Amino acid sequence: MTLPAYPGRHATFDATTVLPVVPPAGAPPGRPTVVEAAFWTMVAPAALGVLGSLAVAGFTLIWALGYSALELYLTAAVILVLGVGANVAWFLLGLRMRTGSTTARVGYAALTALGALVTAVVCVPLWMTLVPLVVLGCQVTVLVLLFLPETNAWFRAVDPISPVGPISPVPGPGSPRR
């Protein structure tokens with residue numbers, strides 16, 4: 001889709017609407033390559049997660065055919081729905097972050113912290129560490145890339161609702177005069 005040109009501004013596609021998002025006049029001319037690298041580093045484990053969920057659900061279904069066990073069919077369905085659904089949601093969060101959403105960036109940081117906790121509590125004691133640690137390494141890399149000074153400046157310029165400075169109190173009784 002070709003977006004209209006705006007003098008002195010660039011337009012990006014907002015994943016939640018069909019309208020272009022035009023950053024304020026002081027915004028940088030384009031998305032930093034660091035944000036692009038963070039997006040693709042975030043998408044790679046999600047894509048592998050979808051393929052892994054499909055493979056595990058498929059093997060569970062093959063196993064279920066041999067035993068005719070209803071529990072195995074239900075397990076395959078749960079693996080398929082939760083595994084694919086979670087990874088697609090992760091991808092959509094990445095798309096939102098790529099458009100400059102500060103909320104998506106902070107949400108990504110919170111989910112990465114939760115994922116690190118789950119990896120530390122569940123996977124490490126059970127010695128199932130290779131895949132979760134690789135995914136966690138990718139997530140931490142993305143987190144570092146998303147909070148570099150260059151990306152901080154870009155997110156502040158692109159996202160109009162991100163707080164730029166401290167919020168001053170409303171003048172009223174008892175408030176200091178300026």
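Note that this is a predicted model, so its numbers are computed, not measured. (Residues numbered from 1 in each chain as written. Predicted model: local features only at pLDDT ≥ 70, side-chain atom pairs only at ≥ 80, totals over all residues. Heavy atoms only, no water.)

Caption draft 1: How the structure looks around the nonpolar core. Membership of the largest hydrophobic core comes to 18 residues, with the highest contact counts inside it found for Met42, Met97, Tyr108, Val142, Leu146 and Phe155. Counting only elements with at least two residues in this core, the list comes to helix H1 (33-67), helix H2 (70-98), helix H3 (102-123), helix H4 (130-146) and helix H5 (149-158). Per-element accounting of this core gives the leading share, 7 residues, to H1. Beyond its immediate sequence surroundings of up to four residues, tyrosine 108 is in contact with Met42, Trp90, Leu93, Cys138, Gln139, Val142, Leu143 and Leu146. (Core = buried A, V, L, I, M, F, W, Y, C linked by side-chain atoms within 4.5 Å. Buried < 20%, exposed > 50% of the residue type's maximum accessible area, 1.4 Å probe, protein only. Helix = DSSP H or I, 4+ residues; strand = E, 2+ residues; numbered from the N terminus. Contact = heavy atoms within 4.5 Å.)

Caption draft 2: Highlighting H3. Here H3 is 22 residues long and its end C-alpha atoms lie 30 Å apart, about the 32 Å a rise of 1.5 Å per residue gives. Looking at H3, one finds that the buried residues are Thr102, Ala104, Arg105, Tyr108, Thr112, Thr119 and Cys123. Considered in projection along H3, the buried side chains sweep an arc of 155 degrees and stay on one side of the axis. Turned more than 90 degrees away from the buried face of H3 sit Thr103, Leu117 and Val121, all of them exposed. (Expected span 1.5 Å × (residues − 1). Arc of directions from axis to C-beta.)

Caption draft 3: Main features of the packing of aromatic side chains. What the rule picks out here adds up to 4 aromatic pairs. Here tryptophan 90 and tyrosine 108 contribute two aromatic rings whose centre-to-centre distance is 5.2 Å and whose plane-to-plane angle is 45 degrees, an arrangement assigned as tilted. With tryptophan 90 in helix H2 and tyrosine 108 in helix H3, this residue pair connects regions lying 18 residues apart in the sequence. The class for tyrosine 108 is buried, based on a relative accessible area of 1%. Taken together, the ring pairs connect Phe39, Trp40 and Phe91 into an aromatic cluster. Cation over ring: arginine 98 sits above phenylalanine 39, and NZ or CZ is 4.5 Å from the ring centre. The ring of phenylalanine 155 has arginine 105 sitting right over it, with the charged end atom 4.4 Å from the ring centre. (Phe/Tyr/Trp six-rings, centres within 6.5 Å; stacked < 30°, edge-to-face > 60°. Lys NZ or Arg CZ within 6 Å of the ring centre and 35° of its normal.)

Caption draft 4: Geometry of the packing of H3 against H4. H4 packs onto H3 with a crossing angle of 155 degrees between their chain directions and a minimal axis gap of 10 Å. One way to sum up the angle between H3 and H4 is to call them roughly antiparallel. Of the two possible hands of crossing, H3 and H4 adopt the one that is left-handed. Of H4, the residues touching H3 (which contributes Arg105, Tyr108, Ala109, Thr112, Gly115, Ala116, Thr119 and Cys123) are Pro132, Leu133, Leu136, Cys138, Gln139, Val140, Val142, Leu143 and Leu146. Of the residues in the contact of H3 with H4, the class split is 12 nonpolar, 4 polar and 1 charged. (Axes fitted to C-alpha atoms, helices over the stretch in contact; angles between N-to-C directions. Parallel < 35°, antiparallel > 145°, perpendicular 65-115°, else oblique. Left-handed = near helix turned anticlockwise from the far one by under 90°. Nonpolar A, V, L, I, M, F, W, Y, C, P; charged D, E, K, R; others polar.)

Caption draft 5: Looking closely at the side chain of threonine 112. Mapping threonine 112 onto the fold places it in helix H3. Assessed through its relative accessible area of 3%, threonine 112 is described here as buried.

Caption draft 6: A look at the layout of surface pockets. If you add up the space inside the largest pocket, you get close to 940 Å³. As for the largest pocket, its lining consists of 33 residues, of which Gly49, Asn87, Pro132, Val135 and Gln139 are closest to the centre. Of all the elements in the fold, those that place two or more residues in the lining of the largest pocket are H1, H2, H3 and H4. Take the lining of the largest pocket: its biggest share by element is 9 residues, from H1. Grouping the amino acids of the lining of the largest pocket by side-chain chemistry returns 24 nonpolar, 9 polar and no charged. (1 Å grid on protein atoms, 1.4 Å probe; cavity = no way out; pocket = protein on both sides within 12 Å on 5 of 7 lines; lining within 4 Å. Points joined across faces, edges and corners; volume = space filled by probe spheres on them.)

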